[in-house]
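Chain by chain, the residues:
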Amino acid sequence: MPETSNIDLDKTIINTPIHDDAFELSDMEKINKIEHHFAKIMQILGLDLNDDSLCETPNRVAKMFVKEIFSGLNPNNNPEISLFENKYGYKRMLIEKDITLYSNCEHHFVPIIGKVHVAYIPGKQVIGLSKINRLVQYYAKRPQVQERLTIQISEALKEILQHDDVAVLIEADHLCVASRGINDTNSKTFTAEYSGQFENDIVRQEFLLHVQNK
Ligand SMILES: Nc1nc2c(ncn2[C@@H]2O[C@H](COP(=O)(O)OP(=O)(O)OP(=O)(O)O)[C@@H](O)[C@H]2O)c(=O)[nH]1
Ligand SMILES: [Zn+2]
């Protein structure tokens, strides 16, 4: 049987700024309130909420915020992490490359789209592969800045694995840079966090070589 990590993914790490009353409302109450306010925003913009294509939009947006794109704000949605004994004695780095990233920028509430590359060097335990992707998803499904997202993934993995030999590299397009404002559709943002053995140049280069190797 795999062991399940019981680390509190929101207590131990650089946290998203969440106010004290955040957990007083149920998901349903949040959806109802957001629906009400989003309808007001649409009305102010001049949209006709009696139109058959628009009338359900406030509810759609509210459900999408609470249940989908910002579901990582609710600690009840944190992923269960399975850990297995490293019976194989695997000692080299393991790289989970090209993890799909869909997040949203907390300054403009428009998408951040990219890839996350994660590596760790196993000790006594290995982590279920898909759990790395789930961890990325959990922190991505919040309003984010890329720097915090990078640190949250790294810190959570270190807590779960109980050691520091972890690397996280994120490459992403920010639609707030591409689709508005400066309107630059070419630039990409890279962020990285290297801990433990990954602070060593040779180890880090091995990780980067695998990531760059298409
Ligand atoms: N450091 C960081 N900045 C981000 C991230 N996502 C978006 N931003 C930036 O947040 C900044 C917000 O700057 P403001 O000047 O307050 O907002 P703004 O007037 O809309 O800025 P422009 O985007 O330049 O039009 C912008 O420069 C964005 O590019 C991120 O993940 N990390
Ligand atoms: Zn933005």
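Residues numbered from 1 in each chain as written. Chains lettered and ligands numbered in written order. Predicted model: local features only at pLDDT ≥ 70, side-chain atom pairs only at ≥ 80, totals over all residues.

K.L.:
I would appreciate a short explanation of the UniProt feature "domain: GTP cyclohydrolase I" (unreviewed entry) in the protein in the present structure.
P.N.:
According to UniProt, the positions carrying the feature "domain: GTP cyclohydrolase I" (unreviewed entry) are residues 34-209. Summarising residues 34-209: 38% helix, 27% strand, and an end-to-end C-alpha distance of 45 Å. (UniProt positions renumbered as here; feature names shortened; annotations may be inferred. Helix = DSSP H or I, 4+ residues; strand = E, 2+ residues; numbered from the N terminus.)

K.L.:
What exactly am I supposed to notice about unusual backbone geometry here?
P.N.:
Negative phi characterises most residues that are not glycine, and trans characterises most peptide bonds. Phi angles above zero are rare outside glycine, and Phe109 is one such case at about 55°. Checked against the element boundaries, Phe109 lands in the loop between strand S3 (94-105) and strand S4 (111-120). Positive phi, normally seen in glycine, also occurs at Asn183, with a value near 55°. Here Asn183 lies in the loop between helix H5 (175-178) and strand S8 (189-194). Using a count of 8 C-beta atoms within 10 Å as the deciding quantity, one classes Asn183 as exposed. (Buried ≥ 20, exposed ≤ 12 C-beta atoms within 10 Å, placed from the backbone.)

K.L.:
Teacher, can you tell me more about the UniProt feature "binding site: Zn(2+)" (unreviewed entry) in the protein here?
P.N.:
The sites that carry the UniProt feature "binding site: Zn(2+)" (unreviewed entry) are, in the present numbering, Cys105, His108 and Cys176. Across 72 residues of sequence, these annotated residues stay compact in space, with a maximum C-alpha separation of 7.5 Å. Residue position: Cys176 is located in helix H5. When residues no more than four places from it in sequence are discounted, the contact partners of Cys176 are Cys105, His107, His108, Val110 and Gly181. (Contact = placed C-beta atoms within 7 Å.)

K.L.:
Teacher, can you tell me more about the site of ligand 1 here?
P.N.:
For ligand 1, the full set of nearby residues is Cys105, His107, Val145, Gln146, Glu147, His174, Cys176, Val177, Gly181 and Ile182. Taken together, the elements giving at least two residues each to the shell around ligand 1 come down to helix H4 (146-161) and H5. Residue composition of the shell around ligand 1, grouped by class: five nonpolar, four polar and one charged. (Near = placed C-beta within 6 Å. Nonpolar A, V, L, I, M, F, W, Y, C, P; charged D, E, K, R; others polar.)

K.L.:
Please explain the sheet that holds strand S6 (residues 143-144) as it appears in this structure.
P.N.:
Read from one edge of the open sheet, five strands run S6-S3-S4-S7-S8, paired in mixed fashion. For this open sheet the edge positions go to S6 and S8, each flanked by a neighbour on one side alone. Looking at chain direction, S4 and strand S7 (residues 166-174) are connected through nine bridges and run antiparallel. Residue pairing for S7: Ile113 is matched across the bridge by Asp173. Sitting on the sheet, H4 touches S3, S4, S6, S7 and S8, and the angle it makes with S7 is about 155°. Packed on one face of the sheet, helix H6 (residues 201-212) meets S3, S4, S7 and S8 and runs near 70° to S3. (Pairing = 2+ DSSP bridges. Axes fitted to C-alpha atoms, helices over the stretch in contact; angles between N-to-C directions.)

K.L.:
Honestly, the pairing of S7 in this entry has me stumped. Any pointers?
P.N.:
For a regular strand, side chains alternate in direction, first toward one face of the sheet and then toward the other. Counting buried positions along S7 yields seven of nine residues, so the element is predominantly enclosed. Of the strand pairs in this sheet, S7 and S8 are connected by six bridges, and their pairing is antiparallel. Its bridge partner lying in S8, Ala167 is registered against Tyr194.

K.L.:
What should I look at first to understand the domain arrangement of the protein in this one?
P.N.:
When the parts of a complex come together, some accessible area is lost, and that lost area is often used as the size of the interface. When cut into domains, the protein gives domain 1 (27-69) and domain 2 (82-212). With centres defined by C-alpha atoms, the gap from domain 1 to domain 2 works out at 32 Å. (Domains from an automatic or database assignment.)

K.L.:
Looking at this model, I keep getting lost on the nonpolar core. Mind explaining?
P.N.:
The nonpolar side chains of a soluble globular protein tend to be buried, and buried together. Counting residues in each nonpolar core, the largest one holds 32 residues, and the members touching the most others are Val136 and Ile153. Of all the secondary structure elements, the ones that give two or more residues to this core are S3, S4, helix H3 (129-140), H4 and S7. Residues within four places of Val136 in sequence aside, it is in contact with Ile99, Leu101, Val116 and Ile153. Counting five residues, the second largest nonpolar core, distinct from the first, contains Ile31, Ala62, Phe65 and Val66. (Core = buried A, V, L, I, M, F, W, Y, C linked by C-beta atoms within 7 Å.)

K.L.:
Quick question: what am I supposed to make of the environment of Asp10 here?
P.N.:
Its location among the elements puts Asp10 in the loop between strand S1 (3-5) and helix H1 (27-45). C-alpha of Asp10 to C-alpha of Leu73: the two residues are 63 residues apart in sequence and 9.5 Å apart in space. Residues contacting Asp10, with those up to four places away along its chain left out, are Asn15 and Pro75.

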